[in-house]
Amino acid sequence: MKHAVRLAIAAALLLGAGAVYAANDTPVGTWKTIDDATHKPKSIVQITETNGELQAKVLQVLQSDDGPHPVCSKCDGSRKNQPVEGMTIMWGVSKDDDVWDGGKILDPNNGKTYKVKLTVTDDGQKLDVHGYIGFSLLGRSQVWERQQ
């Protein structure tokens, strides 16, 4: 009887460890964005998944040239002059093998929207976010850090 209990506990621990690893194999979670030019933290972003599509929302702006509560002054349409905090900046991203792409990402600093490709690295602790126009070989990348 004791052997069966030990076996059940060991199995539960292994399954739990597998679930944690699988959770880090996805961009879903909370991330600290790191500016690709200054290498300083810019914001805290939460990526969520709904019906197989990812979207990202800015939870907090950590650093901005426009003060502590910036607005998207260069954005078009409904985002024009709206607060960056709380704004959805990425949408329509879906899994394609080991990357997520097919969606768009907004840069609130210039108001432009780009195609986006996401790649999870460093055992799920970093996220390569590549924004581009046209071909994915062109564009720029940021590395975001997973927050616990």
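Basis of the calculations
Residues numbered from 1 in each chain as written. Predicted model: local features only at pLDDT ≥ 70, side-chain atom pairs only at ≥ 80, totals over all residues. Heavy atoms only, no water. Helix = DSSP H or I, 4+ residues; strand = E, 2+ residues; numbered from the N terminus. Buried < 20%, exposed > 50% of the residue type's maximum accessible area, 1.4 Å probe, protein only. Contact = heavy atoms within 4.5 Å. Areas by Shrake-Rupley, 256 points an atom, 1.4 Å probe, with all protein chains shown as cover. Disulfide = S-S within 2.5 Å. Patch = residues over 30% accessible without salt bridge, like charges linked within 9 Å, V, L, I, M, F, W, Y side chains within 5 Å. Salt bridge = Lys/Arg side-chain N within 4 Å of Asp/Glu carboxyl O. Lys, Arg positive; Asp, Glu negative; His and termini not counted. Charge placed at Lys NZ, Arg CZ, Asp CG, Glu CD.

When helices and strands are counted, the protein shows one helix and eight strands. Traced from its N-terminal end to its C-terminal end, the protein shows the element sequence α-β-β-β-β-β-β-β-β. For the protein, buried positions account for 32% of its 148 residues. Restricting the contact set of the protein to residue pairs at least 6 apart, pairs at least 24 apart contribute 35%. As displayed, the protein has an accessible area near 9,200 Å², and 55% of this comes from carbon and sulfur atoms.

This next bit is on unusual backbone geometry. In most cases, non-glycine residues show a negative phi, while peptide bonds are predominantly trans. For N51, which is not glycine, the phi torsion reads 50 degrees and is therefore positive. Along the chain, N51 falls in the loop between β2 (41–50) and β3 (53–61). Backbone geometry places D123, a non-glycine residue, at a positive phi of 55 degrees. Examined against the element boundaries, D123 turns out to sit in the loop between β6 (112–121) and β7 (126–132). You can call D123 exposed: its relative accessible area is 63%.

With that settled, consider the state of the cysteines. Taken as a whole and assessed by the stated rule, the structure comprises one disulfide. A sulfur-sulfur distance of 1.7 Å marks the disulfide that ties C72 to C75. Handedness here is read from the sign of the S-S torsion; for C72 and C75, about 50 degrees, the answer is right-handed. By relative accessible area, C72 is classed as buried at 0%.

Take a negative patch on the surface next. A surface patch of negative charge is lined by D25, D96, D97 and D98. In this fold, D25 is placed in the loop between α1 (2–23) and β1 (29–34).

To continue, consider the pattern of salt bridges. Across all of its chains, the model carries four salt bridges by this definition. Ionic pairing is found between D107 and R140, a salt bridge with its closest N-O pair at 3.5 Å. Remark: R140 occurs in strand β8 (residues 140–146) and D107 occurs in strand β5 (residues 99–107); sequence separation between them is 33 residues. A relative accessible area of 13% places D107 in the buried class. Under the relative-accessibility criterion, R140 is labelled partly exposed at 39%. When salt bridges that share partners are traced, they join D36, D107 and R140 into one network.

Here the focus is a nonpolar patch on the surface. Together, F135, L137 and L138 make up an exposed nonpolar region whose accessible area comes to about 420 Å². Looking at where L137 falls in the secondary structure, it is placed in the loop between β7 and β8.

This is a description of form; function is not addressed.
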